[in-house]
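So you can see what is in the structure, the chains are spelled out below.
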Amino acid sequence: MDQNFAAATAASLANTPRQRLNAALAQVNDVVVGKNLPVRLAFASLLAGGHLLVEDVPGVGKTTLAHALAATLGLSFRRIQFTSDLLPSDIVGVSVFDRDANAFRFQAGPIFAQLLLADEINRATPKTQSALLEAMAENQVTVDGASRALAQPFFVVATQNPLDMAGTYPLPDSQLDRFMLRIALDYPDAEAERRLLTGEDRSTLVGRLQACLSGEDILALRQQARAITASPALLDYVQTLLSASRKHHDIRTGLSPRAGLALLAAARAWALLGDRDYALPEDVQAVFVAVAGHRLIPARNVARDALAQALLESVAVE
Amino acid sequence: MKQRRTRESGAPPVATMDARAFTLLSLTVLCAIVAHAAHLPVWYIAPLAAIIVARWWRRRRRRGRVSGWSRAAMLLATALAVFAKYQTPFGPDPGAAIVCGLLVLKLLESETVRDARMAVGFSCFTLMTVLLFDQALVMTLVVGLMLLPALATLRALEPGLPESGWLAAFRPGSALLLASLPLTLLGFLLIPRLATPLWGSPNQGMARSGISDRMAPGDLHSLLNDNSVAMRVGFDGEPPAADQRYFRGMVLWRFDGREWTPGFAARRPGPDAPLAQRGDLVRYQVTLLPSHQHWLFALDVPIAAPRDAQLGPDRTLLASKPVDQTLRYNVTSAVDYRLHPDRLPPGLRRWALELPAGYDPRARALAKDWRAKAGNDDAAVIRDALTLFHTGGFVYALDVPPLGRNSIDDFLFNTRTGFCEHYASAFTFLMRAAGIPARVVVGYQGGYWNNVAHYLLVRQSNAHAWTEVWLQGRGWVRIDPTAVVSTIEMADAGGDNGAPIGGSIGGWWLPWQNRMDIINRWWSQSIINFDALSQSHLFRPFGVNRTDAQTLGIALAIVMFLGLGIGALLASLKPREKPRDALAAAQLRLQKRLARAGVVRGHAEGPGDYYERSARAMPSAAPMLRALSTEYLLLRYAHSEPPPERVRDFVRQVRRLRPSRVL
């Protein structure tokens, strides 16, 4: 029948988490057409155990991507539309008094989902933003003195519109660092756009998607990703990139060690997506702009992604 | 299912300039055009500049070449304008005009990076042609600075450079210019000189010559307004007193009622006028700027001719060929002298008294009147004449009303306004009419004495005319009738030369210019006139007395080799990166082979990407290359320590690979 069916069939036939991963990738690509690279990066972020920031203008498929991921991954999904009056408790949850039990009962907020879509994150106040970002960093929330662990796997997809800055609170550089990858979707090419225009409604398609992976699969895949070989030569390359970012004359603040860890983890995840047990410099290069783009602080008014690309092109590979 | 960024090995699409590169290119072209503003008409330069700005403005909104019709129209307009102004496409000025027009046309059609590179080259050529017109220090510096936008444009055209600030765009070019200075100096000192400059166009500058050999009322006017340097004079001892700085150019004998010319008397063969010198001689060196005339100037009166010149019968100097390049000569003059003191030959006497018939009856009558009163006393007649100029309501001014047919009468009795040539002309006429032999001398008078560098700066505006009268027992005596005129109407007496005459409307900056002339003098003496002779002096300290092109070439080669050797030595002292192990060495060898075959690895290209690209470029070797690539990636990146036997195997396989050349 249609591609979804084919993908679902492939998923049901697949035996190993890796095979199911490929099926999941194919399924998301069928819904979010013509966005192979961003979709792959989104999966890399998931497998590397990081969170994803999607930055682009409205209407290019940010939310569709998040929905398709949620449906395909078989994770519990919640969406929070960030607004300026959103409070931290709207995310984390509140304790309410239960008269029957004569005690406070915790009403869990949307953050206790496995996949959380934080839509237009820059519209909320910094206080609310930091509630989310702290939870992302610590994988737990503390309400009324009690710490509560978040669901596992926990994957945040946040979106923000970089152009419409009126009434927004742009994420400070230190908070941007919480996101492992930042991607842009960009306009589709002509062929993909034609498929969008002639094909079925995306929400219908998303509604028909079947889960290809389970939470356990994802945890297992994350385990596999961590086991990917990073040879001394590759670590040399990563370190050269890091030190080059700290010496580059157009960069005020280079990449932190945490950025280096993120780069390595993302490169390993990319190698896993490429069905390899070892990471190549090409894996590092593929994820570099998405990892470093939002972490580099330029010395002048230079586009950050272009700076990351220039940095990448300035470092030789063995 | 590998997915990588694909790299195209085919031809890249035609790259167009970005907005920044285009702005820099427009600036480059504008600079080249503006540098020509000094010698091209404003009505030509201004529209060109406007077109550049308009093109720049338009391209900010919409990219694309200007339509072919507009360009054709502009080409036609350029041709018409040049023809209308010069009537010929040949020569420096029309040539410069054409080059400027074509350069702007090039900008109109510049869209791609290739266009831009050509336009930059063309701009540099256009800029260089400015030096055909003006080699002064200021212009040379301006041309050098105007190279900066050109270099910045070239830099901005390079792909893959991060955006930088506007000031930073000029930094690499500035560094490059500075770094090229030593090489420039080397070439300047050692490249063999031609006898004449490469671009020594013979007719250039004809329009702006100095003093001419005839003098009609108003002839000197344009000269007196010209503040360009005529010559510089350095004295061996103290300079002569300010009132003795009369530089003799030529002697005019013949008057036809309107115009003074040398006449036959000045060209007579025959013996030199006898000279009795008294007092000390003045020795000095004159640096005469190109006048395109034959005569040289010397302090009243030279006692011998310098090399390549001869002494005329009236103690004037004549060069054997026109002074088309700056000329330096040494002269000795006697400031205190008696010229022709004893007896004036009858022939000369006749010439010195000759007046055209039927002109200026009132002046003649006045002179007769004086003679009748004075009797035999020539000095009294001279006194009368000078008194007339001093008290007769005469005015020294550069704005002179036109004179009628009887120009002397008109001047003496009606206008009473004039400058040196009017006074010299009228005074000489009066003397002759009164029976005193007299003649006009034209040259320079005064000048600015530079007390720091000890030289006298003489400008064209110091051009002057005076009279010599012959007195029994005294010989030819210089009398400067202009000096006695009491009323001076001038905007500003140029320079502080101590004499109220000869100067011109200089402007407030002239004193400053006079002082700054030291630098110009150094530039023209040491740089512009650095010729084969100066070059040979360079080698004297090294015991080389004869310097020909061959010696210079050898010296140049030695210095270049030394420079290259030192550079190579410094480069070799820097530790070279050694391959970390046998695997890396083998892959370097493989890369070298592939590069020789035509596939060069990009600086930051990943190994897998590179071998895949090579495999696509050389299908015959593709299976082998892909196998090598896989093996290399496994050895290097899947192992923390590659197994030695597999590395040896890889090295062997690399040795066996002989990729054929990619076309």
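The coordinates are above.
Residues numbered from 1 in each chain as written. Chains lettered and ligands numbered in written order. Predicted model: local features only at pLDDT ≥ 70, side-chain atom pairs only at ≥ 80, totals over all residues. Heavy atoms only, no water.

(A) Layout of the overall build of chain B. Broken down by element type, chain B carries 21 helices and 18 strands. Burial analysis of chain B (663 residues in total) assigns 45% to the buried set. The contacts of chain B with a sequence gap of at least 6 include a subset with a gap of at least 24, amounting to 72%. For chain B, the exposed surface amounts to about 33,600 Å²; the carbon and sulfur share of it is 61%. (Helix = DSSP H or I, 4+ residues; strand = E, 2+ residues; numbered from the N terminus. Buried < 20%, exposed > 50% of the residue type's maximum accessible area, 1.4 Å probe, protein only. Contact = heavy atoms within 4.5 Å. Areas by Shrake-Rupley, 256 points an atom, 1.4 Å probe, with all protein chains shown as cover.)

(B) Representation of the interface of chain B and chain A. If you look at the interface, chain B gives 29 residues, while chain A gives 30 residues. In this assembly, chain B packs against chain A so that about 2,400 Å² is buried in total across both faces, 51% of it on carbon and sulfur atoms. Applying the counting criterion to the chain B and chain A interface returns one salt bridge. The closest approach of N and O atoms between Arg-636 of chain B and Glu-318 of chain A, which form a salt bridge, is 3.2 Å. (Buried area = accessible area lost by both parts, 1.4 Å probe. Salt bridge = Lys/Arg side-chain N within 4 Å of Asp/Glu carboxyl O.)

(C) Molecular detail of the packing of helix 11 (residues 361-374) of chain B against helix 14 (residues 420-433) of chain B. Residue and element names in this part refer to chain B. For the pair helix 11 and helix 14, interaxial distance at closest approach is 8 Å and the crossing angle is 55°. Accordingly, the angle class assigned to the pair helix 11 and helix 14 is oblique. Both helix 11 and helix 14 take part in a crossing whose hand is right-handed. Across the interface between the two elements, Ala-363, Arg-364, Leu-366, Ala-367 and Trp-370 of helix 11 pack against Phe-429, Leu-430 and Ala-433 of helix 14. A class-by-class count of the residues in the contact of helix 11 with helix 14 yields seven nonpolar, no polar and one charged. (Axes fitted to C-alpha atoms, helices over the stretch in contact; angles between N-to-C directions. Parallel < 35°, antiparallel > 145°, perpendicular 65-115°, else oblique. Left-handed = near helix turned anticlockwise from the far one by under 90°. Nonpolar A, V, L, I, M, F, W, Y, C, P; charged D, E, K, R; others polar.)

(D) Representation of helix 2 (residues 17-31) of chain A. Residues and elements named next belong to chain A. The terminal C-alpha atoms of helix 2, which comprises 15 residues, lie 21 Å apart, in line with the 21 Å expected from a rise of 1.5 Å per residue. Burial analysis of helix 2 places 11 of its 15 residues in the buried class, which makes it a mostly covered element. Of all the positions in helix 2, only Pro-17, Arg-20, Leu-21, Ala-23, Ala-24, Leu-25, Gln-27, Val-28, Asn-29, Asp-30 and Val-31 are classed as buried. (Expected span 1.5 Å × (residues − 1).)

(E) Region of interest: unusual backbone geometry. Put simply, Gln-152 of chain A and Pro-153 of chain A share a cis peptide bond, and its omega is -10°. As for its position among the elements, Pro-153 of chain A is in the loop between strand 7 (146-149) and strand 8 (155-160). Of the consecutive residues Asp-300 of chain B and Val-301 of chain B, the connecting peptide bond is found in the cis state with omega at -20°. Summarising the element assignment, Val-301 of chain B is placed in the loop between strand 7 (298-299) and strand 8 (309-311).

(F) Structural detail: the packing of aromatic side chains. Residues and elements named next belong to chain B. Applying the stated criterion across every chain, the model contains 22 aromatic pairs over all chains. Relative to Phe-411, the ring of Phe-394 has its centre 5.5 Å away and its plane inclined at 55°; by these criteria the two rings are tilted. Here Phe-411 lies in helix 13 (residues 407-415) and Phe-394 lies in the loop between helix 12 (378-391) and strand 11 (395-397), a separation of 17 residues in the sequence. Note on accessibility: Phe-394 and Phe-411 belong to one class, buried. The ring of Phe-394 has Arg-416 sitting right over it, with the charged end atom 6.0 Å from the ring centre. (Phe/Tyr/Trp six-rings, centres within 6.5 Å; stacked < 30°, edge-to-face > 60°. Lys NZ or Arg CZ within 6 Å of the ring centre and 35° of its normal.)

(G) Spatial organisation of the sheet that holds strand 5 (residues 115-119) of chain A. Residue and element names in this part refer to chain A. The five strands are arranged 2-5-8-1-9 in an open sheet whose pairing can be described as parallel. In this open sheet, the two strands that pair with only one neighbour each are strand 2 (77-81) and strand 9 (181-183). Going across the sheet, the axis of each strand differs from the next one's by a mean of 15°, ignoring polarity. (Pairing = 2+ DSSP bridges.)

(H) Region of interest: the packing of helix 19 (residues 607-617) of chain B against helix 20 (residues 622-638) of chain B. Residues and elements named next belong to chain B. Orientation of helix 19 relative to helix 20, taken along the N-to-C sense of each, is 175°, at an axis distance of 8 Å. One element, helix 19, and the other, helix 20, form an angle in the roughly antiparallel class. Between helix 19 and helix 20, the contacting residues are Pro-607, Gly-608, Tyr-611, Glu-612, Ser-614, Ala-615 and Arg-616 on the first element and Ala-622, Leu-625, Arg-626, Ser-629, Tyr-632, Leu-633 and Tyr-637 on the second. Counted by class, the contact of helix 19 with helix 20 contains eight nonpolar, three polar and three charged residues.

(I) Region of the structure containing a positive patch on the surface. Residues and elements named next belong to chain B. A contiguous patch of positive charge, built from Arg-589, Lys-592, Arg-596 and Arg-655, is present on the exposed surface. The biggest single contributor to the positive patch is helix 18 (residues 582-597), with three residues. Within the secondary structure, Arg-596 is located in helix 18. Residue Arg-596 is classed as exposed on the basis of its relative accessible area, which comes to 58%. (Patch = residues over 30% accessible without salt bridge, like charges linked within 9 Å, V, L, I, M, F, W, Y side chains within 5 Å. Lys, Arg positive; Asp, Glu negative; His and termini not counted. Charge placed at Lys NZ, Arg CZ, Asp CG, Glu CD.)

(J) Summary view of the pairing of strand 1 (residues 229-235) of chain B. Residue and element names in this part refer to chain B. Along strand 1, seven of the seven residues are buried, which leaves the element largely enclosed by surrounding structure. Here strand 1 runs beside strand 15 (residues 455-459); their pairing, made up of four bridges, is antiparallel. Across the sheet, Arg-232 pairs through a bridge with Leu-457, a residue of strand 15. In this sheet, strand 5 (residues 275-288) lies alongside strand 1 in antiparallel orientation, the contact comprising five bridges. When the sheet's bridge partners are listed, Met-231 is paired in strand 5 with Leu-288.

Take it as geometry only, folks, not as evidence of what the structure does.
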